[in-house]
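So the chains spell out like this:
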Amino acid sequence: MIPHGSVKDASEPASSGTRWSPRLWGTLLVLCTVLFLDGLDVSMVGVALPAIQADLGLSTATLQWIVSGYVLGYGGLLLLGGRTADLLGRRRVLLVALAVFAVASLLSVFTDNGTLLIATRFIKGVAAAFTAPAGLSILTTTFPEGPVRNRALGIYTVFGASGFSSGLILGGLLSEFDWRVVFLLPAPLALAALVAGHYLIPHSSERDEGGYDLLGAVTSTGALLLLVFTVVSAPEAGWTSVRTLGSFALVAVLAVSFVAVERRVAHPLVRLSIFRNKLLVSANLSAMAVFGSYVAFQFLVALYLQNVLGWSPLEMALALLPAGLIVAFSGSAMGRLITRYGPARLIALGMVSFIAAYALFLRADAEPRFATVILPTALLLGAGFALAFSSLNSQATAGVADHEQGLASGLVQTSFQIGGAVVLAVSTAIVSDAPVTRGEMPESFRPALLLITAVAALGLVSAVRHWSHRFPGEEAETEPVRELETVA
């Protein structure tokens, strides 16, 4: 047990010429485990969906809510999660949310009802909405902006990619045995991170002194939850149906109300002037494009590999595995690349790699073309994520005061989830009317792929606008890690 009153080993300067203390490494490991859990859970469940459908007898429309329920809780509450971390303390919020995540994982194992399973997925999404911004803001306030933070973000990215890669393989293997084990596995990992975080993450006295903006929380959370729900359910209800149009109208009313509240309240949930930070806005737009295009593409690839080519879930996982491996093995170098070239350039190059991957897949047909289409696409996707993910987090939090790091982290994570929900819903609407059968490539796949490619291109446009911007620490020597404040 590490005494709370002694932080010497946690706060020693970390630079190019010194080593990080064991406790500092331990803190980073806990934060990385949280991201690892997120990637692991999402990818495992995606691979296990066919087994869940067969065992519980779910319709395709109900099955997609196992994924969408998580996105609904995650994307809808991220802003509130980030602000809560700033107000109540990032360590406290992270640990409580990890406990909820672990309990929800255990509850998933014992349900035999699709509705209850979707409910536990929603709860896990809500928990992730608090762990994600709290964890990232602990990292960005512990490691100062510049080379040291870039190095930490590079390691952070490795764990995210490793979680996703591991989830693909474990999801394929465990779903062959029993899909319930897929939901059980994250629970002990979350509990281990909770215990380690209790002892390793120091108590911090640095919090925002503002009050609670309850009306802003209600209007923003309501708008985001309703937006995600409307977009996800629109393909089934109809994009021009009364329900869908009415829901979008209500989203607009809630959004306008939120802006009006934030302009007048003394302590806003979201300080609107933060959007004057053009780098933050650009990073958020590119984050929408990255995750939106990829989630929609993965959905199409799953249908293509399993329904058109007849591959098993494990074969599909192995086909996509190179993407995760590239991110995992390149993570240690990304910090140095961000320091040398700046995040904006790497984001732009990452978007180019995504565009090339999606454009290449337009050549896919009913015949398996692993060496010329599937494998090169996976490699390009891996390069895109390796270049863009750490860089997006770095740019989104650059120049933001420590007391608003939770807000900035919540904004970029919200952008990832909202982008994924919107582009997936539109792509699903394009292909939903076309039957996907063995040995036949649906014509609707190509329009959907063109849409996905266009979304990635928009992300590139947003990124190149800041190509020449110089970031703190760019091409500079590494600087010390600030002291981690603790209280007895």
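Residues numbered from 1 in each chain as written. Predicted model: local features only at pLDDT ≥ 70, side-chain atom pairs only at ≥ 80, totals over all residues. Heavy atoms only, no water.

### A short note on a nonpolar patch on the surface
Point 1. On the surface, V96, V100 and I123 cluster together into a nonpolar patch covering about 220 Å² of accessible area.
Point 2. Looking at the secondary structure, you find V100 in helix α4 (residues 90-109). (Patch = residues over 30% accessible without salt bridge, like charges linked within 9 Å, V, L, I, M, F, W, Y side chains within 5 Å. Areas by Shrake-Rupley, 256 points an atom, 1.4 Å probe, with all protein chains shown as cover. Salt bridge = Lys/Arg side-chain N within 4 Å of Asp/Glu carboxyl O. Helix = DSSP H or I, 4+ residues; strand = E, 2+ residues; numbered from the N terminus.)

### Comments concerning the pattern of salt bridges
Point 1. Overall, the coordinates contain five salt bridges when judged by the stated rule.
Point 2. The partner of R121 in a salt bridge is D41, with the nearest N and O atoms 2.6 Å apart. Placement of R121 in helix α5 (residues 114-142) and of D41 in helix α2 (residues 22-56) is noted, with a sequence separation of 80 residues between them.
Point 3. Taking the relative accessible area as the measure of exposure, D41 reaches 0% and is therefore buried.
Point 4. For the salt bridge of D365 with R369, the shortest nitrogen-to-oxygen distance reads 2.8 Å.
Point 5. Given a relative accessible area of 33%, R369 falls into the partly exposed group. (Buried < 20%, exposed > 50% of the residue type's maximum accessible area, 1.4 Å probe, protein only.)

### Observations regarding the packing of helix α11 (residues 278-308) against helix α16 (residues 445-464)
Point 1. For the pair α11 and α16, interaxial distance at closest approach is 8 Å and the crossing angle is 160 degrees. Judged on the interaxial angle alone, α16 and α11 are roughly antiparallel. α11 and α16 meet at a crossing whose hand is left-handed. Between α11, through S282, L285, S286, A289, S293, A296, F297, L300, L303 and Y304, and α16, the contact on the second element is made entirely by F445, A448, L449, I452, V455, A456, G459, S462 and A463.
Point 2. Of the residues in the contact of α11 with α16, the class split is 14 nonpolar, five polar and no charged. (Axes fitted to C-alpha atoms, helices over the stretch in contact; angles between N-to-C directions. Parallel < 35°, antiparallel > 145°, perpendicular 65-115°, else oblique. Left-handed = near helix turned anticlockwise from the far one by under 90°. Contact = heavy atoms within 4.5 Å. Nonpolar A, V, L, I, M, F, W, Y, C, P; charged D, E, K, R; others polar.)

### Brief notes about the environment of S108
Point 1. Tracing the backbone shows S108 in helix α4.
Point 2. Of the residues examined, S108 reaches a relative accessible area of 0% and is grouped as buried.
Point 3. Sequence spacing of S108 and R180 is 72 residues, and the spatial spacing of their C-alpha atoms is 7.6 Å.
Point 4. Contacts of S108, omitting those with residues within four sequence positions, involve L117, T120, W179, R180 and F183.

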